Amino acid sequence: QVHLAESGGGLVQAGGSLRLSCAASGRTFSNYALGWFRQAGGKEREFVAEITRSGAGTYYADSVKSRFTISRDNAKNTVYLQMNSLKPEDTAVYYCAADAKYTATTNPSHYDYWGQGTQVTVSS
C-alpha cells in the first residue's frame, strides 16, 4: 500500500506560478512511476505529466508542455509539479498517482494509488 498526499494548491492569477508536492509513504517510493492528473468540474480526469522510476524520463500533455515541470526526489519520497505561466484553463483539482507496472503511461486506469487531490484555481 502507498499513501499519497498532495499539497501546494491555491489561488493564483493568470501568468503566475505554483509548485505542487506529493509526499508518499508506505512501500519503496522508487519502485513506482509517478503521474500528475487533473480534473476540472464536469470533465473527465486528464493526464498532465509523468516521471519514470529513476526520474530520467518525463512526459507531458501537450497543453502543459514547456510550462509545467515534473520532478521527483526519491530520498524524500516526494514528487513535484512546478507550474509556470498558469492559465485559467489550468483550474482543476490536481492529483498525484503511483504506478507499479508500466514504464510510462498516460492512462489513469494504469495507476494503482491516488492522492486526495489539491485545488488549483487560476483567476483571469
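Here the structure is a predicted model, which is why all the values come from computation and not from measurement. Positions within a chain are numbered from 1, following the residues in the order the chain's sequence is written. Local features in this predicted model are restricted to residues of pLDDT 70 or higher, and side-chain atom pairs are both shown and tallied only at a pLDDT of 80 or more, whereas totals for entire chains, interfaces and linings draw on every residue. Hydrogens and waters are ignored; side-chain quantities use all the structure's heavy atoms.

Let us look at the environment of P88. Starting at the N terminus, helices and strands are each numbered in turn, a helix being any DSSP run of H or I of at least four residues and a strand any DSSP run of E of at least two. Within the secondary structure, P88 is located in the loop between strand 8 (78-83) and strand 9 (92-99). Accessible area is worked out with a 1.4 Å probe on protein chains only. A residue is then buried under 20% of its type maximum, exposed over 50%, and partly exposed in between. The class of P88 is partly exposed, set by a relative accessible area of 36%. On a C-alpha basis, the gap between P88 and V122 in space is 4.7 Å, while along the polypeptide they are 34 residues apart. Throughout, a contact is declared for two residues whenever any of their heavy atoms are within 4.5 Å. Excluding anything up to four places from it in sequence, P88 contacts A14, V122 and S124.

Looking now at the environment of G16. In this fold, G16 is placed in the loop between strand 2 (10-13) and strand 3 (18-26). The exposure class of G16 is buried, given its relative accessible area of 18%. Sequence separation between G16 and S85 is 69 residues, and the spatial gap between their C-alpha atoms is 5.5 Å. The residues touching G16, leaving out its near neighbours within four places in the chain, are M83, N84, S85 and L86.

On to the packing of aromatic side chains, then. Note on aromatic pairs: the rings of Phe, Tyr and Trp (six-membered ring only in Trp) are paired at centre separations within 6.5 Å, and the planes decide the class, stacked below 30 degrees, edge-to-face beyond 60, tilted for the rest. Using the criterion set out here, one finds six aromatic pairs in the structure. A centroid spacing of 5.1 Å and a plane angle of 80° characterise the contact between F37 and Y111, whose relative ring orientation is edge-to-face. With F37 in strand 4 (residues 33-39) and Y111 in the loop between strand 9 and strand 10 (113-114), this pair connects stretches of sequence that are 74 residues apart. Among the aromatic side chains, those forming a connected cluster through ring pairs are F37, F47, Y95, Y111 and W114. Both a distance and an angle decide whether a charge sits over a ring: NZ of Lys or CZ of Arg must be within 6 Å of the ring centre and within 35 degrees of the ring normal. Residue placement shows R19 over the ring face of Y80; its charged tip is 4.0 Å from the ring centre.

Basic side-chain nitrogens of Lys or Arg form a salt bridge, by our definition, when they fall within 4 Å of a carboxyl oxygen of Asp or Glu. Here the structure, examined in full by the defined rule, presents five salt bridges. In this structure, K65 and D62 form a salt bridge, with 3.1 Å as the shortest nitrogen-oxygen distance. In this structure, the salt-bridge partner of K101 is D112, at a minimum N-O distance of 2.7 Å. Of the two residues, K101 sits in the loop between strand 9 and strand 10 while D112 sits in the loop between strand 9 and strand 10, which places them eleven residues apart along the sequence. Taken together, the shared-partner salt bridges in this structure form one network comprising R38, E46, R67 and D90.

Nonpolar core, defined: a set of buried Ala, Val, Leu, Ile, Met, Phe, Trp, Tyr and Cys residues in which side-chain atoms within 4.5 Å join the residues together. Counting 33 residues, the largest nonpolar core has W36, L81, M83 and Y94 as its most contacted members. Of all the secondary structure elements, the ones that give two or more residues to this core are strand 1 (2-7), strand 3, strand 4, strand 5 (46-51), strand 7 (68-73), strand 8, strand 9 and strand 11 (118-123). If you tally residues by element for this core, the top one is strand 9, at five residues.

Cysteine pairs can be linked by a disulfide, which is a covalent bond between their two sulfur atoms. Any cysteine sulfur atom paired with another within 2.5 Å is treated as part of a disulfide. Taken as a whole and assessed by the stated rule, the structure comprises one disulfide. Disulfide pairing is shown between C22 and C96; the S-S distance is 1.9 Å. Residues C22 and C96 are joined through a disulfide that is right-handed, its torsion about the S-S bond being 45°. Linking C22 in strand 3 with C96 in strand 9, this pair joins segments that are 74 residues apart in sequence. Both residues of the pair, C22 and C96, belong to the buried class.

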